[in-house]
Amino acid sequence: MKKNIVVLISGRGSNLKSIINATKETGYPANISLVISDNSKAQGLNIAKDNSIDNIIIEKSSFDSKKKFEDDLVEKITQHNPSLICLAGFMIILSKDFVNKFKGKIINIHPSLLPKHKGLNTHEKAINSGDKYGGCTVHHVNDRIDDGEIIAQQKVIITSDDTADTLKQKVLELEHKLYPKVIRGLLS
């Protein structure tokens, strides 16, 4: 019996696509029951539609407050009774109240080897810091940015000719393998 997961996106949906592909594998323990985007222009919505996955747009700007936005998010997510909520390029920081409602069920993928380089521009930060390795981290979400307990990491060597763009591509390839693998491990 496959377990429901809900995926939250804001952009291209490349990690969403890698999770969808994994869910089509025999024996994969998860099924995406809902994709939510906070951005009506997110390309990931088309990926969800092309794969016949329920998807909705909940834009923060449509609400009077972040609390009302999150209340609507909670309501929509709860209807799907997910075993996991997977943030895949979701660019809104979730409140402590939201995180506590789904304690232990929210995971995120971040394009650095946490605890290094939290937040944005991780590849530039890694190169400018002279790091030998870049990579990605899947972690539990708490109410602080990129701060929750680390579940898994994968690293790649930063070469002298790497730019932020080339490092981004190398790390994205790792993300597309690591995220579905972690979901499988958590739900098996």
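S.K.: Talk me through helix α1 (residues 14-23); I want residue IDs and the actual numbers.
M.R.: Think of an α-helix as turning once every 3.6 residues; residues three or four places apart then point the same way. Counted residue by residue, α1 has 8 buried out of 10 residues, so it is predominantly covered. Buried within α1 are the following residues: S14, N15, L16, S18, I19, I20, A22 and T23. Those residues of α1 that are buried lie in contact with β1 (3-9), β2 (30-37), α2 (44-50), β5 (106-110) and α6 (164-187).

S.K.: Please set out the sheet that holds strand β6 (residues 133-140) residue by residue, giving values where relevant.
M.R.: Overall, mixed pairing links the 7 strands, which are arranged β3-β2-β1-β4-β5-β6-β7 in an open sheet. The outermost strands of the open sheet, each flanked by one partner alone, are β3 (55-57) and β7 (150-157). With strand direction ignored, the average angle separating the axes of adjacent strands in the sheet is 20 degrees. Helix-sheet contacts for α1 involve β1, β2 and β5, and the interaxial angle to β2 is about 160 degrees. Across the face of the sheet, helix α3 (residues 66-78) comes into contact with β1, β2, β3 and β4 (84-87) while running at roughly 155 degrees to β2.

Criteria and thresholds
Residues numbered from 1 in each chain as written. Predicted model: local features only at pLDDT ≥ 70, side-chain atom pairs only at ≥ 80, totals over all residues. Heavy atoms only, no water. Buried < 20%, exposed > 50% of the residue type's maximum accessible area, 1.4 Å probe, protein only. Helix = DSSP H or I, 4+ residues; strand = E, 2+ residues; numbered from the N terminus. Contact = heavy atoms within 4.5 Å. Pairing = 2+ DSSP bridges. Axes fitted to C-alpha atoms, helices over the stretch in contact; angles between N-to-C directions.

In short, geometric facts, not functional conclusions.
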